[in-house]
Amino acid sequence: MSWRWRLVHSAWLRVAAGAGFGALLALALLPTARAERTRIWRQSSFAEFERGEPKGVALRSDGTLVLAPRFAQFADPNLAYLWSLAVDSRGRLYAAGGSNARVLRYDASGTATTVFESQEMTAQALVIDSQDNLYVATSPDGRVYRIAPDGTRRVFFEPGTKYIWALALDRDGTLFVATGDRGEVFAVSPEGSGRVYYKTDETHVRSLAIDREGRLLIGTEPSGLILRVEKPAAGNREAERAFVIYETDRKEVTALVVDRSGHLFAAAIGRKDSRTTRPTLPTSTPTVPAPTDSALTTPLSQPGSVVQIGQQQTVTQVGVATPLPAIPGGSQVYRIAPDGAPEVIWSSETDLVYALGIGADGRLLLGTGDRGAVLRIEHDDIFSHLAKTASAQVTALARAANGAVFVATANPGKIFLLGPDYELEGSFTSQVFDAQIFSHWGQLSWWGENGSTNGALEFFVRSGNTSNPEKNWSPWSGPYRNATGETVQVPPARFIQWRAVFRAHRNPPTDRAGETPSLVWVNLAYLPKNMAPRIEAIALQDPGVRVQGFTPPQQATNVQPVQLRQPARSNRARASAATQPLLTTQSPASPQPGGRRVEVPPQGFAQKGFQSVLWTAEDDNDDELIFALYYRGEGEQNWKLLKDRVEQRYFTWDTTTMPDGAYYLKIVASDAPSNPPDEALTAERISERFEVDNSPPEILNLSAVPQSPDVLVRFVARDSASAVARAEYSLNAGEWTLLFPDDRVTDAAHENYWLTLKNLPPGEHTLAVRVYDRFENPASAKITFTVPARLR
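Heads up: these notes are all about the structure in this document. (Residues numbered from 1 in each chain as written. Predicted model: local features only at pLDDT ≥ 70, side-chain atom pairs only at ≥ 80, totals over all residues. Heavy atoms only, no water.)

Another point: the nonpolar core. Formed by 45 residues in total, the largest nonpolar core has its most connected members in Leu364, Trp441, Phe459, Trp498 and Leu519. In contact with Phe459, other than residues within four places in its own chain, are Leu444, Trp446, Ser477, Gly478, Pro479, Tyr480, Trp498, Arg499, Ala500, Leu519 and Val522. (Core = buried A, V, L, I, M, F, W, Y, C linked by side-chain atoms within 4.5 Å. Buried < 20%, exposed > 50% of the residue type's maximum accessible area, 1.4 Å probe, protein only. Contact = heavy atoms within 4.5 Å.)

Now for the sheet that holds strand E42 (residues 561-562). Within the open sheet, the 3 strands sit side by side as E41-E43-E42. Their pairing is antiparallel. Of all the strands in the sheet, just strand E41 (545-548) and E42 have a single pairing partner and so form its edges. Note: E42 against strand E43 (residues 603-606), 2 bridges, orientation antiparallel. By the bridge assignment, Val562 is partnered in E43 with Gly604. (Pairing = 2+ DSSP bridges. Helix = DSSP H or I, 4+ residues; strand = E, 2+ residues; numbered from the N terminus.)

Evaluation of the coordinates by the stated rule reveals 38 salt bridges. A salt bridge links Arg250 to Glu349; the nearest nitrogen and oxygen atoms lie 3.9 Å apart. Of this pair, Arg250 sits in strand E21 (residues 250-258) while Glu349 sits in the loop between strand E25 (342-348) and strand E26 (352-358), and the two are 99 residues apart along the sequence. The exposure class of Arg250 is buried, given its relative accessible area of 9%. Across the salt bridge formed by Glu536 and Arg534, the nearest N and O atoms sit 2.9 Å from each other. Under the relative-accessibility criterion, Arg534 is labelled buried at 12%. (Salt bridge = Lys/Arg side-chain N within 4 Å of Asp/Glu carboxyl O.)

In this section: the sheet that holds strand E40 (residues 534-540). On the basis of which strands lie adjacent, the open sheet formed by 3 strands has the order E40-E44-E47 and antiparallel pairing. Edge positions in the sheet fall to E40 and strand E47 (650-654), since each has one partner strand and no second. Across the sheet, the axes of successive neighbouring strands diverge by a mean angle of 20°, strand direction being ignored. Relative to E47, strand E44 (residues 610-618) is paired through 5 bridges, and the arrangement is antiparallel. Paired with Leu614 across the two strands is Tyr650, which belongs to E47. (Axes fitted to C-alpha atoms, helices over the stretch in contact; angles between N-to-C directions.)

This brings us to empty space enclosed by the protein. Within the structure shown, the criterion is met by 4 cavities of 30 Å³ or more. The computed volume of the largest cavity comes to approximately 90 Å³. Listed by contribution, the elements that provide at least two residues to the lining of the largest cavity are E44 and strand E50 (690-692). For the lining of the largest cavity, the class distribution of residues is 4 nonpolar, 6 polar and 3 charged. (1 Å grid on protein atoms, 1.4 Å probe; cavity = no way out; pocket = protein on both sides within 12 Å on 5 of 7 lines; lining within 4 Å. Points joined across faces, edges and corners; volume = space filled by probe spheres on them. Nonpolar A, V, L, I, M, F, W, Y, C, P; charged D, E, K, R; others polar.)

This next bit is on the packing of aromatic side chains. A complete count under the given rule lists 25 aromatic pairs for this structure. Centre to centre, the rings of Phe74 and Tyr106 are 6.0 Å apart; their planes meet at 70°, and the pair counts as edge-to-face. Of the two residues, Phe74 is situated in strand E5 (residues 69-87) and Tyr106 in strand E7 (residues 102-106); the sequence distance between them amounts to 32 residues. Judged by relative accessible area, which is 2%, Tyr106 ranks as buried. Considering the side-chain rings of Trp346 and Phe383, the 6.3 Å spacing of their centres and the 85° angle between planes classify their relative orientation as edge-to-face. With Trp346 in strand E25 and Phe383 in strand E29 (residues 383-388), this residue pair connects regions lying 37 residues apart in the sequence. Overall, Phe383 belongs to the buried group, its relative accessible area being 18%. Looking at Arg153, its charged tip hangs above the ring of Tyr145, at a distance of 5.4 Å from the centre. Geometry around Trp736 places Arg770 over its ring, the cationic atom sitting 4.0 Å from the centre. (Phe/Tyr/Trp six-rings, centres within 6.5 Å; stacked < 30°, edge-to-face > 60°. Lys NZ or Arg CZ within 6 Å of the ring centre and 35° of its normal.)

The values reported here are purely geometric and, on their own, carry no functional implication.
Listed below in structure tokens is the structure:
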């Protein structure tokens with residue numbers, strides 16, 4: 001749908017909703033665009049670029065493409081899912097997941113060592129203290145284990161709850177354990193002595209963080225609350241008190257993280273009114289059966305993980321096992337200032353945020369699903385789509401000592417490394433564009449910054465006639481380096497695709513201004529082969545119906561409206577209309593192929609002597625069409641012009657200028673207004689047979705014969721061109737009374753009528769008879785007769 005059609009359609013809807021004649025007048029005064037043969041396929045928005053395939057290229061939400069941080073697989077732990085990551089003081093990475101519960105340690109080369117394994121369902125949370133003691137939480141019905149640097153392990157704490165969702169260490173070495181399904185947080189001393197630190201009114205405590213003052217931050221489910229727990233003063237035996245920092249619009253706070261400036265970031269998912277059935281934890285694994293008491297249903301649905309490395313505290317939040325259902329309501333990310341002021345900095349109705357992290361440059365990273373993408377919040381409501389994994393969910397983020405970020409995923413469980421350097425070269429392959437019609441391809445042009453118009457970008461193009469570009473398309477042609485416009489050398493075809501190759505200005509590159517080329521928009525001109533228009537259907541109206549455009553209510557007086565018979569549309573036309581939204585990818589700055597006349601639906605009125613016709617016509621090029629109407633009498637050979645240069649798709653004419661008889665209409669459509677004379681094409685369609693009858697019927701042999709005690713009336717009705725429609729009589733100027741013919745069915749051009757008048761008083765009487773044919777042509781006659789007195 002072109003931008004002009006949207007504007008006109010919107011105006012017409014306002015009229016239909018009662019906006020009045022003024023809005024319709026504005027509609028009528030809109031300029032009519034004449035379709036241009038040359039079109040522009042333009043890509044410039046996030047939604048359009050999102051359909052393409054980036055490799056080493058990041059897509060910003062403002063529709064800008066730039067080189068991305070390096071992103072590559074670091075390790076394959078051969079697990080179905082990973083829920084948590086942590087990095088120790090020596091830079092070694094720990095990854096926890098399942099099933100069964102397992103924790104792997106990786107050195108800088110990616111070599112793995114299993115440091116923890118159990119028959120429990122999964123290892124869901126990790127945290128490391130300042131002495132490199134590793135704490136592992138398992139679930140369901142789990143425990144917290146401590147693994148010393150020498151590899152010895154022991155059960156450190158058993159909360160006696162169904163789930164352990166998150167672990168956090170404060171600067172004093174106190175371990176906090178977030179649990180469900182009683183919504184409790186436990187505090188465990190370095191010696192392993194634990195107690196209930198705070199009990200919420202929620203079902204689950206889903207996420208934890210420690211703020212700059214060392215206070216515990218809590219994210220809950222199902223109310224989506226973010227609380228701060230205040231520690232009592234030393235020697236004060238009062239219980240800890242909590243303060244609600246913010247109540248989110250979502251159901252479940254999956255992740256919390258605090259940056260160096262004290263800002264708290266929170267991710268929350270799911271509508272609070274959602275009744276989504278949560279998944280069941282797996283009851284077994286392919287190799288080792290799970291404990292019999294672990295086949296339990298959890299009320300939580302999402303994996304969520306955040307690891308903050310390089311500060312005094314380490315925080316990990318985790319999620320649950322597969323499968324993961326769709327969560328209605330999407331997710332939001334909030335930023336809460338140190339003074340408590342909140343704001344929404346990112347929102348999506350489809351993507352779900354499972355993990356948060358802070359990059360080395362201080363920017364917020366988002367791990368999302370269910371498309372396995374890593375996003376970064378830039379500034380001024382701008383975010384970047386940095387990388388996409390082959391997994392369904394990004395579940396954990398952990399920053400390495402060199403500024404890189406480890407990325408963990410689920411379905412399947414993999415570990416990737418993001419950054420710290422940027423790609424030296426990257427590419428972006430556009431979506432396949434369907435021109436709908438076999439087309440010739442013209443100039444490719446683009447615009448960007450930081451050298452993108454001076455050699456930092458190269459383009460390649462290929463075309464084909466199948467929707468799959470990997471099957472029998474032309475080879476890539478190029479490179480094309482002239483940003484102002486260069487004709488692409490590809491065969492004419494229906495489909496086309498371009499690829500942009502980005503090259504950095506320096507090695508190693510960064511995303512600082514001027515070091516990474518950007519791409520803002522791409523235009524590709526094309527000329528579709530002209531296709532003949534099609535007249536899909538013709539609908540002749542009943543005789544005596546006049547059709548015209550919209551009439552203001554104050555002008556439509558003394559008329560009888562008629563319901564019009566609409567022409568049917570073919571399956572081909574409906575399919576063409578269904579694909580029309582694809583044309584929205586064309587440039588609004590260029591003349592649109594959708595520059596057709598937009599017609600207000602016509603209105604029908606009863607008016608004797610007129611004949612009307614409606615038709616539907618389509619043009620695959622969206623050319624402006626003009627019509628000519630011809631007629632031919634039944635048995636005649638030559639078509640005679642009725643009206644040419646008709647722009648609307650309906651026509652009404654006065655049939656009193658035509659002799660009575662049977663006729664056919666021929667409608668010819670031409671795309672001449674949109675094409676050079678030698679390239680214009682036409683199409684035609686012939687209507688069904690119709691009749692013209694403007695002559696009245698005849699009334700013959702009218703008689704009134706007194707027969708004691710009644711009067712017998714007889715007459716014959718006859719029409720030369722059509723069937724008799726009805727007959728009526730009136731006695732002595734009384735009301736008209738309907739009269740049936742002898743056979744009671746009025747369906748022939750010759751009908752016999754009779755009636756008996758009973759109980760008439762003596763004296764003179766006058767009988768009037770009126771007959772109509774199918775075209776409402778009337779005929780009338782009268783007879784005067786006397787009823788003798790003796791007949792009473």
